[in-house]
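Geometric and topological summary
Okay, here's what each chain looks like letter by letter:
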Amino acid sequence: MGHSRGGEGVSRAAMDTLTPPPAAQDGYHGTVRWTVRGLLLIGPTIFGHDPVPDVPSATILPGCDGDVFDLQGQMFVDATRGVSQGRALHSALYVVGANHNFFNSEWTPGQSAAPSFDDFWSGDETDPLCSPGQPTRLTAPQQQNVGATYIAAAARLFVAGDDRVRPLLDGSGRRVPSAYPAKVLSHALGGNRAALLEPGPGVRVSAGGRICEQVTDDAAKACLNPEDINASLAHFTTFYPVFPEEGRYAAALSWNAAGTPIRFTPKKAIDVRGSQALALRVIVPPNSTGTRFGVSVIGADGRRTTLGDVRIDGLPGTQFTTSYWGQEVRVPWRGGKVASLELTPRTSSGSAWLLDAWGWNPGTPDPREKALPRIDIGSLQVAEGDSGTRTYQVPVKVSGRGGGVVRLFLLDTTTFAVKSWLATVRPGDRIIRVPVSVVGDTLYGEGEATWLLAKAQKGFVIGDYFGGVDVTNDDPAPVMSVASTSVSAAEGGTLTWQLSLSAPTETGYWAATSVRPPVSGVELSTTDVDPDWFEQNAFEPVQPSRPLSETSLTPYTFFEPGATSATLTVPTITDDVAEPDEVISLQFIDPEGAPDLTGTVTG
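All values derive from a computational prediction rather than experimental measurement. (Residues numbered from 1 in each chain as written. Predicted model: local features only at pLDDT ≥ 70, side-chain atom pairs only at ≥ 80, totals over all residues. Heavy atoms only, no water.)

1. Section: the environment of R303
Relative to the assigned elements, R303 resides in the loop between β13 (291–299) and β14 (304–312). Residues R303 and V338, 35 residues apart in the sequence, show an inter-C-alpha distance of 9.6 Å. What R303 contacts, discounting residues up to four positions off in sequence, is V297 and I298. (Helix = DSSP H or I, 4+ residues; strand = E, 2+ residues; numbered from the N terminus. Contact = heavy atoms within 4.5 Å.)

Structure (structure tokens):
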């Protein structure tokens with residue numbers, strides 16, 4: 001079991017147990033005395049999107065999580081799809097009204113010895129779903145009761161093999177009185193499922209639907225509007241810092257009339273004979289009610305079979321929750337060879353997102369934990385040099401037995417351009433060759449690097465998912481000068497200092513200041529400057545009015561790559577108060593040694 005970062009930690013322990021890391025890598029080495037039968041993860045992180053596909057897992061996703069608010073733990077389910085045998089059950093448990101901390105008594109006020117707090121935050125607003133005291137918000141004892149119930153259920157299923165508790169975890173919709181009054185929703189991948197439809201570029205979709213990209217800034221291709229914060233949460237969580245990310249798809253559905261089927265046709269017919277139900281994972285908008293679809297399949301012989309209707313109500317949600325989350329629905333079915341899947345809207349209008357479709361059977365098969373081959377990425381530090389081009393290989397180590405496919409992402413930290421490709425690794429390969437060219441020059445540049453990240457596509461686990469080539473700066477920093485250290489502006493105007501560099505830079509150059517009490521005169525206050533600018537540069541509220549030197553205000557500017565001039569500004573506002581001239585005094589934090597600045601606002 002693991003909570004928060006501990007969830008990622010125990011997953012890594014399971015990985016190291018099955019596939020030990022290379023000798024030079026961190027992790028457990030040698031023969032182990034244990035077998036990991038399953039994982040129970042509470043509000044976990046998974047920055048590497050690198051679960052262990054053959055070890056069963058159940059992941060609790062708190063609906064009011066203010067810490068791991070993106071619910072990236074969803075990747076313990078989604079990122080296992082198609083990677084290995086698919087026999088291990090991977091469950092997601094969405095707990096409405098639960099925050100991040102209260103599952104742990106040592107992180108709960110009134111229970112802990114150390115300082116602790118309620119991690120949910122909604123600013124000065126009362127959130128109708130998650131603020132303490134709201135009907136849907138769980139108390140700490142209620143939340144801990146939920147945790148105990150599902151820890152016990154996971155142990156009964158994964159360790160004791162008691163299939164009677166599986167319906168609590170696998171999307172069957174079963175609830176248990178011992179978790180009352182909590183509402184817990186579940187869906188799952190793996191177990192007794194056979195892949196029927198995974199949306200992607202190879203799937204044809206009729207009018208009313210489209211294949212959408214989960215992680216992109218292109219609104220026309222995106223599943224959710226990129227300006228909506230939900231577009232990078234839960235199922236769509238970003239594999240930071242890769243953006244956009246190739247290879248992750250869903251199907252977006254939108255309709256304005258009932259009765260017209262939306263058809264999905266993969267490249268070839270899929271044989272899922274022997275299934276007892278067809279299972280779908282579908283997202284509908286938060287707080288929506290009554291979304292209904294008729295579900296039909298078109299056989300390889302062209303015969304259309306109507307299976308029944310499903311209804312999905314949206315999760316409760318506010319601007320402070322992650323509520324675009326897939327719910328599992330099923331219709332009875334004898335299975336067969338399927339050429340197309342149809343969803344027919346029964347409501348006059350609506351929208352939804354189809355994550356995948358499966359042939360489903362009850363039962364929990366033996367996961368047959370398998371020691372998959374493993375990839376670990378390392379880093380190089382190299383000098384740039386003053387001229388010429390040098391080529392380096394990113395250290396990418398392959399260990400274990402077998403082969404497969406991984407997706408690699410090469411990111412230039414200067415341009416943020418991402419190159420993505422699938423790399424096939426054959427049995428016996430011990431490296432993946434990823435060349436990186438470094439061009440020498442005499443321009444100052446900090447933070448130049450090419451990063452490499454990896455995700456398992458088929459037949460692999462990923463240990464150290466992040467590495468690359470870091471270029472050490474070997475050129476002197478330019479000298480910054482100020483045209484005039486003392487400037488003035490009328491109230492409502494902008495104080496502006498003209499800054500210069502003695503030479504251009506390759507990666508840009510930051511100049512940052514802090515506010516000091518002036519030697520003489522009346523100091524500018526928080527209510528004398530532009531409020532939006534203040535909050536963006538101080539991360540504090542404007543009120544109550546106070547001298548700027550008593551805040552964390554940090555005015556700064558940036559010299560673009562190749563530029564030798566920039567301006568540092570402090571925008572002011574007008575008011576109806578008769579005031580004397582007011583002063584701001586700035587001291588450079590970086591670069592050190594630059595002259596102090598003074599700005600005077602005249603009434």
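Right, picking up where we left off after that structure.
2. Topic: the environment of R407
Assignment of secondary structure puts R407 in strand β22 (residues 404–412). Setting aside anything within four residues of it in sequence, one finds R407 in contact with E246, G247, S420, W421, L422, L453, A454, K455 and Q457. Only 2.9 Å separates the side chain of R407 from the side chain of S420, close enough to count as a polar contact. (Polar contact = N/O pair within 3.5 Å; in protein donor to acceptor, adjacent residues only side chain to side chain.)

3. Things to note about the state of the cysteines
Per the stated rule, a full pass over the model turns up 2 disulfides. Disulfide pairing is shown between C64 and C130; the S-S distance is 2.0 Å. Given an S-S torsion of about -75 degrees, the disulfide between C64 and C130 has left-handed geometry. Separated by 66 residues along the polypeptide, C64 in the loop between β3 (57–62) and α2 (75–78) and C130 in the loop between β4 (90–95) and α3 (140–158) bring together distant segments of the chain. Here C64 matches C130 in class, with each residue buried. One disulfide in the model links C212 with C223; its S-S distance is 2.1 Å. Its torsion about the S-S bond being 90 degrees, the disulfide of C212 and C223 is classed as right-handed. Of the two residues, C212 sits in strand β8 (residues 209–213) while C223 sits in the loop between β8 and β9 (249–255), which places them 11 residues apart along the sequence. (Disulfide = S-S within 2.5 Å. Buried < 20%, exposed > 50% of the residue type's maximum accessible area, 1.4 Å probe, protein only.)

4. Considerations on the sheet that holds β4
Spatially, the 5 strands line up as an open sheet ordered β1-β2-β3-β4-β5, and their pairing is mixed. Strands with a single pairing partner mark the edges of an open sheet, and in this sheet they are β1 (2–3) and β5 (184–189). Of the strand pairs in this sheet, β1 and strand β2 (residues 39–42) are connected by 2 bridges, and their pairing is parallel. Looking at β2, one finds that H3 is bridged to I42. Here α3 sits on the sheet and contacts β2, β3, β4 and β5; the angle it forms with β2, its principal contact strand, is near 160 degrees. (Pairing = 2+ DSSP bridges. Axes fitted to C-alpha atoms, helices over the stretch in contact; angles between N-to-C directions.)

5. Let's talk about unusual backbone geometry
Following Y180, the chain continues into P181 via a peptide bond in cis, with omega recorded as 5 degrees. Omega for the peptide link from D590 to P591 comes to 5 degrees, which places this bond in the cis form. For A234, which is not a glycine, the phi torsion comes out positive at approximately 55 degrees. Position of A234 among the secondary structure elements: in the loop between β8 and β9. Even without a glycine there, the phi angle at R368 is positive, about 50 degrees. Looking at the element boundaries, R368 is found in the loop between β17 (350–360) and β18 (374–377).

6. Brief notes about the pairing of β18
Side-chain alternation along β18 places R374 and D376 on one buried face and I375 and I377 on a second face that is also buried. Where β18 and strand β26 (residues 461–462) come together, 2 bridges link them in parallel fashion. In the sheet register, R374 faces β26, and the bridge partner there is V461.

7. Comments concerning the packing of aromatic side chains
Inspection of every chain in the model, using the stated rule, returns 13 aromatic pairs. Seen from their ring centres, W510 and Y556 are 5.6 Å apart, and the 50 degrees between their planes marks the pair as tilted. Here W510 is found in strand β31 (residues 509–516), whereas its partner Y556 is found in strand β33 (residues 556–559), with 46 residues between them in sequence. For Y556, a relative accessible area of 46% corresponds to the partly exposed category. Linked through ring pairs, F239, F409, W451, Y465 and F466 together constitute an aromatic cluster. The ring centre of W360 lies 4.0 Å from the NZ or CZ of R330, which sits over that ring. Above the ring of F239, the side-chain terminus of K455 is found at 4.8 Å from the ring centroid. (Phe/Tyr/Trp six-rings, centres within 6.5 Å; stacked < 30°, edge-to-face > 60°. Lys NZ or Arg CZ within 6 Å of the ring centre and 35° of its normal.)

8. Section: helix α4 (residues 531–538)
Of the residues making up α4, those classed as buried are W533, F534, N537 and A538. Each buried residue of α4 sits inside an arc of 105 degrees when the element is viewed along its axis, so together they form one side. Residues of α4 that are buried sit in contact with β33 and β34 (565–571). Regarding α4, its N-cap is D530, as a side-chain oxygen of that residue lies 3.2 Å from the backbone nitrogen of D532 further along. F539 occupies a position one or two residues after α4 and carries a positive phi of about 55 degrees. (Arc of directions from axis to C-beta.)

9. Focus on the nonpolar core
Judged by nonpolar contacts, the single largest core of 30 residues is most densely connected at L495, W497, L499 and I584. Within the residue set of this core, elements represented by two or more residues are β28 (480–482), β29 (486–490), β30 (494–501), β31, α4, β34, β35 (582–590) and β36 (597–602). Per-element tally for this core: the top contributor is β30, with 4 residues. Counting 28 residues, the second-largest nonpolar core is a separate cluster that includes L196, L278, F293 and L341. (Core = buried A, V, L, I, M, F, W, Y, C linked by side-chain atoms within 4.5 Å.)

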